[in-house]
Protein chains: 2
Amino acid sequence: MTTSRRSGDSLPKRAHLHKVFDEYLSQLGLRQTRQRKIILDAVLSSGRHVDAETISNEVKKIDSSIGLATVYRTLKMMTDSQILVERHFGGDRASFEFADQGDEHHDHLICNQCHDIVEFYDEELEKRQELVAKNLGFVLKSHKMELFADCANSENCKRKNLK
Amino acid sequence: MTTSRRSGDSLPKRAHLHKVFDEYLSQLGLRQTRQRKIILDAVLSSGRHVDAETISNEVKKIDSSIGLATVYRTLKMMTDSQILVERHFGGDRASFEFADQGDEHHDHLICNQCHDIVEFYDEELEKRQELVAKNLGFVLKSHKMELFADCANSENCKRKNLK
DNA sequence: CTCTTTGCAAATCTTTTGCATGCTT
DNA sequence: AAGCATGCAAAAGATTTGCAAAGAG
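Residues numbered from 1 in each chain as written. Chains lettered and ligands numbered in written order. Predicted model: local features only at pLDDT ≥ 70, side-chain atom pairs only at ≥ 80, totals over all residues. Heavy atoms only, no water.

- Where an unreviewed UniProt entry is consulted, chain A appears under the name Ferric uptake regulation protein, with the organism given as Silvanigrella paludirubra.
- Taken from UniProt, the Subcellular location (unreviewed entry) comment for chain A reads in full: "Cytoplasm".
- In its Subunit (unreviewed entry) section, UniProt records this for chain A: "Homodimer." (UniProt positions renumbered as here; feature names shortened; annotations may be inferred.)

Below, the structure is given as structure tokens:
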């Protein structure tokens, strides 16, 4: 039982995330601003893994006065508010993705050739990890797993230039 | 079939790694230098996961004239030569660890309480990962997997302060 | 001798911060 | 109004690179 999908879905979760973020702001006495809404929308409409610069570029298309520093500050807040998670794949730039919403957990397979990222979820792996941890005397709480692989057929490989 | 061990082994692999590195250099027409030997020794005698600055500090104890740039350049060469692997845990600094030597592959389980790292190897997980990749149309080449867990019994938990 | 290395400093790159000004509440 | 936010530019931190001098084969 393995499920997968490539980057780039989008559901009516847009409203949900805006709400979660707004509530987070209210609770801390922070303010809802034009730029924060724009940045969240940009993240929502961008790919699954985005870096600050990409977001900044998107945001500038809508309001060129919004500075890079604000993007960084806002991405950090969204991370604090638990709607985003910060990851470090390659090494240099940080990239952000939406945090798992309830049961939406997934892992990553990264193509060695085009560096495209395929997300997948495999029940067997999840169960086995839990068992392994248990056998070592622990209770599994979370994990991070990335598979690095070569394309078996070119159809899968987009040869995208993500950088 | 799961095997495990705690951090901190060390075999007479020192000589082996020096040899591997030297051969790598020879093959590319590069030179064996005093600083390169010193840097490799520093990595060998440091902990399991080291960053450039840590190595630089160690190296300076032996020869204070060795510059940080040389350390970076050398770590990169050691990564190219396959004796080291570069990892990005926290985010900012890169950290290096020795690459798996032949069959020594392992994954990490990190204790949420004491942050001790237990290394393990599980055949089932390895096989399943291969299968998952294959089903997604890829050929698995390597992976990175970290399990984060709570101690089930205190005996396992060393409450070590590994920084 | 020739070509690689090195150390130093300057350059990059990404991310953070200080500050005066502009906006939400 | 009062206090958070923003934009800009400068600062920081990690890693890289240019260059002339030093070293390995």
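And the narrative resumes.
## As for the interface of chain B and chain A
- Facing 38 residues of chain B, the contacting portion of chain A comprises 38 residues.
- Here chain B meets chain A over a buried area of about 3300 Å², counting both sides, of which 66% is carbon and sulfur.
- Summed over the shared surface of chain B and chain A, the result is six salt bridges.
- The closest approach of N and O atoms between Asp150 of chain B and Lys141 of chain A, which form a salt bridge, is 3.8 Å.
- Run the count over chain B and chain A and you get 10 residue pairs in polar contact (both at pLDDT 80 or more).
- Sorting the residues of the side of chain B that touches chain A by element identifies strand S1 (2-6), strand S4 (107-111), strand S5 (117-122), helix H5 (123-135) and strand S6 (138-151) of chain B as the ones contributing at least two each. (Contact = heavy atoms within 4.5 Å. Buried area = accessible area lost by both parts, 1.4 Å probe. Salt bridge = Lys/Arg side-chain N within 4 Å of Asp/Glu carboxyl O. Polar contact = N/O pair within 3.5 Å; in protein donor to acceptor, adjacent residues only side chain to side chain. Helix = DSSP H or I, 4+ residues; strand = E, 2+ residues; numbered from the N terminus.)

## With respect to the protein's contact with DNA strand C
- Taken together, 20 residues form the shell around DNA strand C, and within it Tyr72, Lys76 and Arg93 of chain A together with Arg31 and Thr70 of chain B come nearest.
- When the atoms of DNA strand C within 4 Å of the protein are grouped by moiety, sugar and phosphate amount to 73% of the total.
- Between DNA strand C and the protein, one listed contact pairs a base nitrogen with a side-chain N or O atom of Arg73 of chain B at 2.7 Å.
- Elements represented by at least two residues in the surface near DNA strand C include exactly helix H4 (68-80) of chain A together with helix H2 (34-45) and helix H4 (68-80) of chain B. (Near = heavy atom within 4 Å.)

## Quick look at the environment of Leu84 of chain B
Residue and element names in this part refer to chain B.
- Within the fold, Leu84 resides in strand S2 (residues 84-87).
- Under the relative-accessibility criterion, Leu84 is labelled buried at 2%.
- With 67 residues separating them in the primary sequence, Leu84 and Cys151 have C-alpha atoms 30 Å apart. (Buried < 20%, exposed > 50% of the residue type's maximum accessible area, 1.4 Å probe, protein only.)

## A closer look at the relation of the copies chain B and chain A
- Relative to chain A, chain B is turned by 178 degrees and slid 0.3 Å along the rotation axis, the superposed coordinates differing by an RMSD of 1.5 Å. The transformation just described matches what one would write down for a two-fold rotation axis. The position closest to the rotation axis in chain B is occupied by the C-alpha of Met145 of chain B, lying 2.6 Å away. (Least-squares fit on C-alpha atoms with pLDDT ≥ 70 in both.)

## Considering the environment of Glu58 of chain A
Residue and element names in this part refer to chain A.
- Tracing the chain through its elements places Glu58 in helix H3 (residues 52-62).
- Residues Glu58 and Leu75 lie 17 residues apart in sequence; the distance between their C-alpha atoms is 14 Å.
- Setting aside residues no more than four positions away along its own chain, Glu58 makes contact with Ala42 and Ser46.

## Quick notes on the protein's contact with DNA strand D
- Close contacts around DNA strand D come from 20 residues, with Gln35 and Thr70 of chain A together with Tyr72, Lys76 and Arg93 of chain B the closest.
- Near the protein, within 4 Å, the atoms of DNA strand D are sugar or phosphate in 69% of cases.
- In this structure, Ala94 of chain B approaches DNA strand D through a main-chain N or O atom, which is 2.9 Å from a phosphate oxygen.
- With five residues, the top contributor of residues to the surface near DNA strand D is H4 of chain B.
- Here the residues of the surface near DNA strand D are counted per class, giving seven nonpolar, six polar and seven charged. (Nonpolar A, V, L, I, M, F, W, Y, C, P; charged D, E, K, R; others polar.)

## What to know about the UniProt feature "binding site: Fe cation" (unreviewed entry) in chain A
All names here are of chain A.
- The positions UniProt marks with the feature "binding site: Fe cation" (unreviewed entry) are His105, Asp107, Glu126 and His143. For the residues just named, distributed over 39 residues, the greatest C-alpha separation is only 10.3 Å, placing them together at one site.
- Within the secondary structure layout, Asp107 lies in strand S4 (residues 107-111).
- For Asp107, the contacting residues outside a window of four places in its chain are Val118, Glu119, Phe120, Glu126, His143 and Met145.
- Along the chain, Glu126 falls in helix H5 (residues 123-135).
- Beyond its immediate sequence surroundings of up to four residues, Glu126 is in contact with His105, Asp107, Tyr121 and His143.

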